[in-house]
Every structure is written in structure tokens, then in C-alpha cells.
Amino acid sequence: MGVPSRNKVKQWGAGEVYHIYNRGNNKQKIFFDAEDYRVFLNLLKVRLQKEPFRDKYYRLQKGWYGDVELLAFCLMPNHFHLLLFQKEQYSISELMRSVMTSYVGYINKKYQRSGHLFQ
């Protein structure tokens, strides 16, 4: 019997629960103040609500309401954990790409930095 590869999802399945986590590059902080935590959670909230949301160019975007449910979360200064239920295959991947791209853009602009935030 083989051992599962660490940090590697071989297949995204519909109707499954996933533990999603990420940490800062070189274990550095990803949340620097209380506002950063609020922005990250709001990015998740907006994308998981029933109503469509607007992207940074004010284009109307369909969220992942009904496709992904947030079951639990833990935000730490240098990493986060999310427990997500995925109803449709690949929905978590799409959701996280949207949230992470927006959050990195926010952090880079706010702190006048560039480059990778996450490992």
C-alpha cells in the first residue's frame, strides 16, 4: 500500500471535504495587522455569498455560492487553514485562485512590495 504524497492532491472530487492551507514565503507573515485578516475573510465571504461580486475592474463575477461551503477556518500571522466542502469538482481550486490573487494584490499595494507572498 502506497503512502499519499504530502501537499499534493491527486484528484479533486465533488462532494468531498478538503483541508486547504498555505503559509508565507520563508515562513514570513501574511497578515500584518487586523485589517489584513478582515480583508482576507471578506474576500472569502464575497466569493461565497449568493449575490455576484465585482472584480477589481468592476466586472460582475459569479461566485462559488452553492459549489463550495466554508466549514471552518484558522488564520495565523504566517499561515492559514480552511476546511472546505466542495460540491462541484475543481470549485475550490477556482475559488482559491481568485481569493489568493486578490489578497496578494492587496498586500503588495498596501505595503508597497512586489513578488510572491505565499510559499
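Quick caveat: nothing in here was measured; it's all calculated off a predicted structure.

Asks: For unusual backbone geometry, give the residues involved together with the corresponding values.
Replies: With a phi close to 55 degrees, N26 is a non-glycine residue in the positive phi region. With a phi angle near 45 degrees, Q112 is a residue other than glycine that sits in the positive phi range. Tracing the backbone through its elements, the reader meets Q112 in the segment after α2 (91-110). Q112 sits in the exposed class, given a relative accessible area of 75%.

Asks: Give a detailed account of the environment of Q89, specifying residues and quantitative values.
Replies: With respect to the element layout, Q89 can be found in the loop between β5 (79-86) and α2. Measuring from C-alpha to C-alpha, the distance between Q89 and T101 comes to 20 Å, with twelve residues separating the pair along the chain. Non-local contacts of Q89, meaning those with residues more than four positions away in its chain, are made with W12 and A14. A polar atom in the side chain of Q89 sits 3.5 Å from the side chain of Y90.

Asks: Which residues make up the packing of aromatic side chains, and what are the values?
Replies: By the definition in use, this model includes ten aromatic pairs. Each ring, one from F32 and one from Y111, has its centre 4.9 Å from the other, and the planes form 55 degrees; the classification is tilted. Taken together, the residues F32 in the loop between β1 (16-23) and α1 (34-48) and Y111 in the segment after α2 connect sequence positions 79 residues apart.

Asks: Any details on the sheet that holds β1? Residues and values, ideally.
Replies: Taking strand neighbours across the sheet as the criterion, the three strands line up as β1-β5-β4 in an open arrangement whose pairing is antiparallel. The two strands at the open ends of the sheet, each matched to only one other strand, are β1 and β4 (68-76). Going from strand to strand, the sheet's axes swing by 15 degrees on average, the running direction of each strand aside. When β4 meets β5, the two strands line up antiparallel, connected through eight bridges. Opposite L70, over in β5, you have L84 as the bridge partner. Lying over the sheet, α2 contacts β1, β4 and β5, oriented at roughly 145 degrees with respect to β5.

Asks: Can you explain the pattern of salt bridges? Please cite residues and give values.
Replies: Overall, the coordinates contain six salt bridges when judged by the stated rule. The partner of K110 in a salt bridge is D33, with the nearest N and O atoms 2.9 Å apart. With a gap of 77 residues between them, K110 in helix α2 and D33 in the loop between β1 and α1 connect regions that are remote in the sequence. A residue is classified by how much of its surface remains accessible, and K110, at 29% relative accessible area, is partly exposed.

Asks: Please set out α2 residue by residue, giving values where relevant.
Replies: Counted at 1.5 Å a residue, the expected span for α2 with its 20 residues is 28 Å, and the 29 Å between its end C-alpha atoms agrees. Buried within α2 are the following residues: S91, I92, L95, M96, S98, V99, M100, Y103, V104, Y106, I107 and N108. In this fold, the buried residues of α2 make contact with β1, α1, β2 (53-54), β4 and β5.

Asks: Lay out the environment of F80 in plain terms, naming residues and giving numbers.
Replies: Relative to the helices and strands, F80 is located in strand β5. F80 has contacts with I20, Y21, N22, I30, F31, F40, C74, L75, M96, M100 and F118, leaving out every residue within four places of it along the chain.

The rules behind these values
- Residues numbered from 1 in each chain as written.
- Predicted model: local features only at pLDDT ≥ 70, side-chain atom pairs only at ≥ 80, totals over all residues.
- Heavy atoms only, no water.
- Helix = DSSP H or I, 4+ residues; strand = E, 2+ residues; numbered from the N terminus.
- Buried < 20%, exposed > 50% of the residue type's maximum accessible area, 1.4 Å probe, protein only.
- Contact = heavy atoms within 4.5 Å.
- Polar contact = N/O pair within 3.5 Å; in protein donor to acceptor, adjacent residues only side chain to side chain.
- Phe/Tyr/Trp six-rings, centres within 6.5 Å; stacked < 30°, edge-to-face > 60°.
- Pairing = 2+ DSSP bridges.
- Axes fitted to C-alpha atoms, helices over the stretch in contact; angles between N-to-C directions.
- Salt bridge = Lys/Arg side-chain N within 4 Å of Asp/Glu carboxyl O.
- Expected span 1.5 Å × (residues − 1).

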